[in-house]
Amino acid sequence: MNRAADNIRILAASMVEKAKSGHPGGAMGGADFANVLYSEFLQYDPSDPNWINRDRFFLDPGHMSPMLYSVLCLAGFFELDDLKQFRQWGSVTPGHPEVDLKRGVENTSGPLGQGHVYAVGAAIAAKFLAAKFGSWMDHTIYAFISDGGIQEEISQGGGRIAGHLGLDNLIMFYDSNDIQLSTETKDVSSEDVEKKYQAWGWEVITIAGNDVNAIRSAIIKAKSVTGKPTIIIGKTIMGKGALAADGSSFERKCATHGMPLGESGASFEKSIANLGGDAGNPFVIFEDVKALYATRRAELIAAAAKKKAEQAAWEAENPELAAKLHKFFSKTAPELDFSAIQQKPNQATRAASATVLGELAKKVENMIVSSADLSNSDKTDGFLKNTKAITRDDFSGSFLQAGVCELTMAAIMNGMALHGGVIPACGTFFVFSDYMKPAVRMAALMELQVIYIWTHDAFRVGEDGPTHEPVEQEAQIRLMEKLQNHSHRNSVLVLRPADVIETTVAWKMALENTLTPTALILSRQNINDLPAKTDRYTEALQSEKGAYIVEDCEGTPDVVLLASGSEVSTLVDGAVLLKAENVKVRIVSVPSEGLFRSQSKEYQESVIPSGIKVFGLTAGLPVNLEGLVGSNGKVWGLQSFGFSAPAKVLDEKLGYTAQNVYNQVKAML
């Protein structure tokens, strides 16, 4: 076992040395835990990496990727040639891990703190599914965190929620080596981590983190704990095995954290020799280590076959539940008749969202909705009214009351999506999307179906004042519509519906979008329904093209008026004044510019013809619409933060009225 851990250390250090870039020290220190976990405890099927009932391992410190790639190489997921291409163009071993189930990588990690919270989300999802389908689905979620992740504020939210819910299927190893990138940890922190996690309700086990027997005993104990998650605090040695040129120890040095051994002041050659390798040919798996992992591979396949047989027997006895289980993990959209959802007219779109959520709670059994202490205000309580909250004693509910922790909540949603089998959605005020952005970005990068319900979408929050009034937030999230993921799709679908029926359609689009996150931006205040020539729902389905004509004129228009959300109805009112003076007007609703830009040039031209004046109205920054308006028109938007006053007063003072639409368009024409 020690030789296998040294093999991981050699491979990890050699990857970084060859790439002339990376972080060898932490990988060398954490190798013992990774080795014990993969060679003795982690349950998975090497021949079926997508097996739904596998244990999951979530790495938080993505800079320790050399450790992960090395142990996965021993396990047969990577070739030695893959390790030699670490951090190179086109390689399968990027600098920080990117989710790749066929190679055993469960999550993309890099921004410290988020990775272990994914594990919290996965543990919740696992318990939720076991409550529906039975204890045969029980499996363990493992996480690995470092000093940096412990310090990141998100760890407080993850620690609190995991302890509060008693997630005894969660085991986290804390690689406590007392060394950070630029300092020793004692220079920045003197907290008692043991007491902190005990206060949150965790089982805490502290061990010598490079001792195989201590690690083994700690995991065995952790797996026997009930009613609480476990953190194993492993006091490890940064750069374990590293030597200087004179043969003296070069362990416990900050320098090995973020640079190759040969550049840190250590001797790569002496260090590799000290670990039992050949510096001239370091990319080797020792024969006895090959045998160890070959034996483990055979054991894993046999154990998985046994568990799959148990599942098959359960499926034979429960065919309806079995069909439901396969549907949950298929990543296909639920089949619903959204046209049958009855909306009250002229409501706020957050209220319309609540109506849809009430139906989803009854008909989409694998949906979990969460709110950051705002369920009665962001109206996610529309879902809660038809289900119940998840508690430590009952995971059969499907609503997670997360408390005030927007970033943690968003990362938990990512973990649920990574686990699979559930559709996660979460809500808060749009202005607080600022807190969530790091996790939203990771969901976009990992191509996860997570739905964000962001309400109170504009300055019309009113009396709450500028701290609660989003102005620049829409521009920020719409940048994600312009940014493509690695599958060449818009990385996020952003939808700001213009009335209650567009909100129904927006939810339809969100559930059908299984390939990326979706952001729903919803109003606090009531909005007048848009006019309809025939059936409003049928017309609103045109939202699926990102933008569409709401109201048109005979012949070629003199001006195209466009907006999203609340401002579309203001354009409708302004158009009445313009048409009274024989101005030919076309009104366009643009719930998603990114989706509209994805349509054919012919369709785009049919909606917003070139050579015709365009006027855009946005409650956010003018840049929201400037790309569509172009140089042949103008945008009326906010140029400053909001102000504290009633919403109607703000509309008047800031120019969001029919009269100002008329004034601006007349001046432009």
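Residues numbered from 1 in each chain as written. Predicted model: local features only at pLDDT ≥ 70, side-chain atom pairs only at ≥ 80, totals over all residues. Heavy atoms only, no water.

Undergrad: Tell me about the packing of helix H1 (residues 2–19) against helix H3 (residues 65–74), and please be specific about residues and values.
TA: Between H1 and H3, whose axes approach to 8 Å, the crossing angle comes to 125°. Relative to H3, the element H1 lies oblique. Seen along the crossing, H1 lies across H3 with a hand that is right-handed. Residues Ala 4, Asn 7, Ile 8, Leu 11, Ala 12, Met 15 and Val 16 of H1 form the contact with H3, whose own contacting residues are Pro 66, Met 67, Tyr 69, Ser 70, Val 71 and Leu 74. (Axes fitted to C-alpha atoms, helices over the stretch in contact; angles between N-to-C directions. Helix = DSSP H or I, 4+ residues; strand = E, 2+ residues; numbered from the N terminus. Parallel < 35°, antiparallel > 145°, perpendicular 65-115°, else oblique. Left-handed = near helix turned anticlockwise from the far one by under 90°. Contact = heavy atoms within 4.5 Å.)

Undergrad: A description of helix H17 (residues 433–446) should follow, citing residues and the corresponding values.
TA: The end-to-end C-alpha distance of H17 is 19 Å, a good match for the 20 Å that 14 residues give at a rise of 1.5 Å each. At Ala 439, H17 shows its maximal kink, close to 35°. Every buried residue belonging to H17 is among Ser 433, Met 436, Ala 439, Val 440, Met 442, Ala 443, Ala 444 and Met 446, and all of these are buried. The secondary structure elements touched by the buried residues of H17 are helix H5 (114–133), helix H16 (406–419), strand E8 (423–429), strand E9 (451–455) and helix H18 (473–482). Two residues or fewer after H17 comes Glu 447, characterised by a positive phi angle close to 60°. (Expected span 1.5 Å × (residues − 1). Bend = angle between axes of the 7 residues up to and from the residue. Buried < 20%, exposed > 50% of the residue type's maximum accessible area, 1.4 Å probe, protein only.)

Undergrad: Give a detailed account of unusual backbone geometry, specifying residues and quantitative values.
TA: Most peptide bonds take the trans form, and the phi angle of most residues other than glycine is negative. Of note, the phi angle at Arg 252 is positive, near 60°, even though the residue is not glycine. Mapping Arg 252 onto the fold places it in the loop between strand E5 (230–235) and helix H10 (261–264). The class for Arg 252 is partly exposed, based on a relative accessible area of 47%. Despite not being glycine, His 488 has its phi angle at roughly 65°, a positive value. Relative to the assigned elements, His 488 resides in the loop between H18 and strand E10 (493–495).

Undergrad: Any details on the packing of aromatic side chains? Residues and values, ideally.
TA: Counted under the stated rule, the structure contains 20 aromatic pairs. On the basis of an interplanar angle of 55° and a centroid distance of 6.0 Å, the ring pair of Phe 33 and Phe 144 is categorised as tilted. Taken together, the residues span a long stretch of sequence, with Phe 33 in helix H2 (residues 24–41) and Phe 144 in strand E2 (residues 141–146) at a distance of 111 residues. The exposure class of Phe 144 is buried, given its relative accessible area of 0%. When the centroid spacing of 4.9 Å and the interplanar angle of 50° are considered together, the rings of Phe 459 and Tyr 656 count as tilted. (Phe/Tyr/Trp six-rings, centres within 6.5 Å; stacked < 30°, edge-to-face > 60°.)

Undergrad: Kindly report on the pairing of strand E6 (residues 367–371), identifying the contributing residues and their values.
TA: On a regular strand, each side chain points to the face opposite its neighbour's, so the side chains alternate between the two faces of the sheet. Most of E6 is tucked away: five of the five residues are buried. As paired elements, E6 and E8 share five bridges and run parallel to each other. Bridge assignment links Ser 371 to a residue of E8, and that residue is Gly 427. Of the strand pairs in this sheet, E6 and strand E7 (residues 399–401) are connected by three bridges, and their pairing is parallel. Within E7, the residue paired with Val 369 across the bridge is Phe 399. (Pairing = 2+ DSSP bridges.)

Undergrad: How would you explain the pattern of salt bridges if you had to name every residue and give the values?
TA: Using the criterion set out here, one finds 38 salt bridges in the structure. In this structure, the salt-bridge partner of Arg 9 is Asp 32, at a minimum N-O distance of 2.9 Å. Of this pair, Arg 9 sits in helix H1 while Asp 32 sits in helix H2; the two residues are 23 residues apart in sequence, bridging distant segments of the chain. A relative accessible area of 1% places Arg 9 in the buried class. Two residues, Arg 496 and Asp 457, come together in a salt bridge whose shortest N-O distance is 3.0 Å. Highlighted residues: Arg 496 in the loop between E10 and helix H19 (500–512) and Asp 457 in the loop between E9 and H18, separated in sequence by 39 residues. Salt bridges here are not isolated pairs; linked through shared partners, they connect Asp 457, Arg 460, Glu 474, Arg 478, Glu 481, Arg 496, Glu 567 and Asp 651. (Salt bridge = Lys/Arg side-chain N within 4 Å of Asp/Glu carboxyl O.)

Undergrad: Please set out empty space enclosed by the protein residue by residue, giving values where relevant.
TA: Evaluation of the coordinates by the stated rule reveals six cavities of 30 Å³ or more. If you add up the space inside the largest cavity, you get close to 130 Å³. Taken together, 16 residues form the lining of the largest cavity, with Tyr 44, Arg 54, Phe 77, Gly 104 and Glu 106 sitting closest to its centre. For the lining of the largest cavity, a count of residues per class yields nine nonpolar, one polar and six charged. The volume enclosed by the second largest cavity comes to roughly 70 Å³. When residues of the lining of the second largest cavity are traced back to their parent elements, those giving at least two are H17 and H18. With four residues, H17 is the single largest residue contributor to the lining of the second largest cavity. In terms of residue class, the lining of the second largest cavity is built from four nonpolar, three polar and two charged. (1 Å grid on protein atoms, 1.4 Å probe; cavity = no way out; pocket = protein on both sides within 12 Å on 5 of 7 lines; lining within 4 Å. Points joined across faces, edges and corners; volume = space filled by probe spheres on them. Nonpolar A, V, L, I, M, F, W, Y, C, P; charged D, E, K, R; others polar.)

Undergrad: With reference to specific residues and values, describe the environment of Thr 387.
TA: Here Thr 387 lies in the loop between helix H15 (381–384) and E7. Look at Thr 387 and you get partly exposed, because its relative accessible area is 24%. Put simply, Thr 387 and Ala 540 are 153 residues apart on the chain and 29 Å apart in space, counted from C-alpha to C-alpha. Leave out the neighbours within four places in its chain, and Thr 387 touches Gly 397, Ser 398 and Phe 399.

Undergrad: Go over the side chain of Gln 604 with me, naming the residues and quoting the values.
TA: Inspection of the secondary structure puts Gln 604 in helix H23 (residues 601–607). Of the residues examined, Gln 604 reaches a relative accessible area of 10% and is grouped as buried. For Gln 604, the contacting residues outside a window of four places in its chain are Phe 596, Arg 597 and Gln 599.

Undergrad: Go over the environment of Asp 558, please, and point to the residues and values.
TA: One can find Asp 558 in the loop between strand E12 (548–551) and strand E13 (559–563). Looking at Asp 558, the relative accessible area reads 34%, which means it is partly exposed. As for Asp 558 and Leu 400, which are separated by 158 residues in sequence, their C-alpha atoms are 51 Å apart.

Undergrad: Got a sec to walk through the nonpolar core? Specific residues and values, please.
TA: In this structure, Leu 360, Met 367, Trp 507, Leu 561, Leu 562, Ile 587 and Phe 615 are the most contacted members of the largest nonpolar core, which totals 76 residues. No other element matches H19, which puts eight residues into this core. Contacts of Ile 587, omitting those with residues within four sequence positions, involve Tyr 548, Ile 549, Val 550, Glu 551, Leu 561, Val 568, Leu 571, Val 572 and Ala 575. In this structure, Val 117, Ala 122, Ala 130 and Ile 141 belong to the second largest nonpolar core, which totals 75 residues. (Core = buried A, V, L, I, M, F, W, Y, C linked by side-chain atoms within 4.5 Å.)

Undergrad: I'd love a proper account of the sheet that holds strand E14 (residues 585–589), names of residues and values included.
TA: Read across the open sheet, the five strands follow the order E12-E14-E13-E15-E16; overall the sheet is mixed. Because the sheet does not close on itself, it has two edges, and the strands there are E12 and strand E16 (633–636). Averaged over all pairs of adjacent strands, the angle between strand axes in this sheet comes to 25°, irrespective of strand direction. Both E13 and E14 contribute to a ladder of five bridges, which runs parallel. By the bridge assignment for E14, Leu 562 is matched with Val 588. Strands E12, E13, E14 and strand E15 (613–617) of the sheet are contacted by helix H21 (residues 567–579), whose axis makes an angle of about 180° with E14.

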